[in-house]
Amino acid sequence: MKRLLILSLFTVLCLQYTQAQTPKKTTSGNPIFEGWYADPEATIFGKQYWVYPTYSDKYEKQVHFDAFSSSDLITWKKHDNVLDSANVKWAKRAMWAPAIVAKGGKYYLFFGANDIQNDQAIGGIGIAVADKPEGPFKDYLGKPLIDKFYNGAQPIDQFVFKDKDGQYYIIYGGWGHCNIAKLKSDFTAIVPFADGTLFRSITPNGYVEGPVMFIRNGKYYFMWSEGGWTGPDYRVAYAIADNITGPFKRIGTVLKQDAAVATGAGHHSVIKVPGKDEYYIVYHRRPLTETDGNHRVTCIDKMIFDAKGFIKPVKITNVGVTARKLK
Ligand code: FUB
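None of these values were measured; they are calculated from a predicted model.

When helices and strands are counted, the chain shows 1 helix and 20 strands. Compactness check: the chain gives a C-alpha radius of gyration of 21 Å against a globular reference of 20 Å for 327 residues, within 12% of the reference. Projected onto its principal axes, the C-alpha coordinates of the chain cover approximately 80 × 50 × 40 Å. Taking all 327 residues of the chain together, the buried fraction comes to 43%.

Of all hydrophobic cores here, the largest spans 89 residues; its most connected members are Leu 109, Phe 111, Ile 171 and Phe 222. Residue contacts for Ile 171: discarding those within four places in its chain leaves Phe 159, Phe 161, Cys 178, Ile 180, Pro 211 and Met 213.

Here we take up the site of the ligand. Contacts to the ligand come from Ala 38, Asp 39, Thr 54, Trp 96, Ala 97, Ile 156, Asp 157, Glu 209, Gly 210, Trp 229 and His 267. A class-by-class count of the residues in the shell around the ligand yields 5 nonpolar, 3 polar and 3 charged.

It is worth spelling out the sheet that holds strand 7 (residues 124-130) at this point. Strand order in the open sheet made by the 4 strands is 5-6-7-8, with antiparallel pairing throughout. Looking along the sheet, the strands with just one partner apiece sit at the ends: strand 5 (96-103) and strand 8 (138-139). Pairing between strand 6 (residues 106-113) and strand 7: 7 bridges, direction antiparallel. By the bridge assignment for strand 7, Leu 109 is matched with Ala 128.

The 3 strands lie next to each other as 18-19-20, forming an open sheet whose pairing is antiparallel. Lying at the two open borders of the sheet, with one neighbouring strand each, are strand 18 (262-272) and strand 20 (297-303). Taken pair by pair, the neighbouring strands of this sheet meet at an average axis angle of 30°, ignoring direction.

Tracing the sequence through the fold places Ala 86 in the loop between strand 4 (77-84) and strand 5. Taking C-alpha positions, Ala 86 is 9.2 Å from Lys 138, a pair spaced 52 residues apart along the chain.

What follows is about the environment of Gly 112. Relative to the helices and strands, Gly 112 resides in strand 6. With 29 C-beta atoms packed within 10 Å, Gly 112 lands in the buried category. In this structure, the C-alpha to C-alpha distance between Gly 112 and Ala 194, residues 82 residues apart in sequence, is 27 Å. Setting aside residues up to four positions removed in sequence, Gly 112 forms contacts with Trp 96, Ala 97, Ile 125, Pro 155, Ile 156, Asp 157 and Gln 158.

Let us look at the pairing of strand 16 (residues 235-241). Burial within strand 16 is extensive, with 5 of its 7 residues counted as buried. Bridge count between strand 15 (residues 219-226) and strand 16: 7 bridges; the pairing is antiparallel. Across the sheet, residue Met 223 finds its bridge partner in strand 16, namely Tyr 238.

A separate point is the confidence of the model for the chain. In the predicted model, the chain carries a mean pLDDT of 95, and 93% of its residues have values of at least 70. No element of the chain has a lower mean pLDDT than helix 1 (residues 2-21), at 53, and none a higher one than strand 10 (residues 168-172), at 99.

What follows concerns unusual backbone geometry. A cis amide bond, omega 5°, links Gly 135 with the succeeding residue Pro 136. Cis geometry is found at the peptide bond from Gly 246 to Pro 247, where omega equals 10°. For Asn 81, which is not glycine, the phi torsion reads 55° and is therefore positive. Secondary-structure assignment places Asn 81 in strand 4. Backbone geometry at Asp 115 places phi at a positive 50°, although glycine is not the residue there. One can find Asp 115 in the loop between strand 6 and strand 7.

We now examine the environment of Phe 193. Along the chain, Phe 193 turns up in the loop between strand 12 (190-191) and strand 13 (200-201). Judged by the 13 C-beta atoms lying within 10 Å of it, Phe 193 is partly exposed. Here the alpha-carbon distance between Phe 193 and Ser 269, two residues 76 residues apart in the chain, equals 26 Å. Those residues in contact with Phe 193 that sit more than four places away from it in its chain are Lys 182 and Arg 200.

Parameters and conventions
- Residues numbered from 1 in each chain as written.
- Predicted model: local features only at pLDDT ≥ 70, side-chain atom pairs only at ≥ 80, totals over all residues.
- Helix = DSSP H or I, 4+ residues; strand = E, 2+ residues; numbered from the N terminus.
- Rg over C-alpha atoms; globule rule 2.2 N^0.38 Å.
- Buried ≥ 20, exposed ≤ 12 C-beta atoms within 10 Å, placed from the backbone.
- Core = buried A, V, L, I, M, F, W, Y, C linked by C-beta atoms within 7 Å.
- Contact = placed C-beta atoms within 7 Å.
- Near = placed C-beta within 6 Å.
- Nonpolar A, V, L, I, M, F, W, Y, C, P; charged D, E, K, R; others polar.
- Pairing = 2+ DSSP bridges.
- Axes fitted to C-alpha atoms, helices over the stretch in contact; angles between N-to-C directions.
- pLDDT = per-residue confidence, 0-100.

Laid out in structure tokens, this is it:
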């Protein structure tokens, strides 16, 4: 008994010593967490940052989502398997690019599944719902919300945007086409615009996939990914407009590879610190010299605007960002 007590005391002392010797992490580093994760959807719930990425692997193995949370952008906690295809009977593979929304005490996770190639295939954009950000998420509709090609847009890469008047929109599309559509308030259907249109094309020049929208100083900022996601020159560009439906004229590239840091930087999301003009870009990129298209890792850097409201080109880094707790 006495020996056991001495051993326990020794172990505690060793642990304390190790902790004291380990320097405290002062930056996030990039990537911000371990593993092959792409298309990160970053958001804030309460005082926590959350990231919902695609699990980057062969399409047949993309049958679940993990999530990550942090109180300071530096230390991230993994939440395994927040949504599993076992809970979505129509989703079989290629579960991609989550978009998350908190509404009415529920959390809605929009996702693409099955990488459909035509209107006969089963799949498209679905929704899962949970009571907590960490899930467990379950299929909300029992079928996809969007399961056909409209205006040439593959139903993938959805972004859900709440406008100034409280109306929610879904902005989505692969294969070089981007649509915007109005969501019914309970997210069970698409509702028409005033002219009866269900899906309106807002595709800017260069658009490939991965749309993101936010409002800053009353203007609509629209961002998207260009190039091929398996290649080095995947990148993010943007436009600014006075209206949610544009027209969106390409202004320039915001995010791209850096020969000294990483390649294929793209498919991002944006975090705004509440009440501050402080923005972060959360994106995926590929380690230098890596050739496996699926080897994508999730990173964060600052996104800064100039005095005229244009977004400055992002400098991708290996250090990431410093601690930023939420009040
Ligand atoms: O991760 C799968 C696909 O790769 C996404 O849907 C695209 O945007 C690209 O990032």
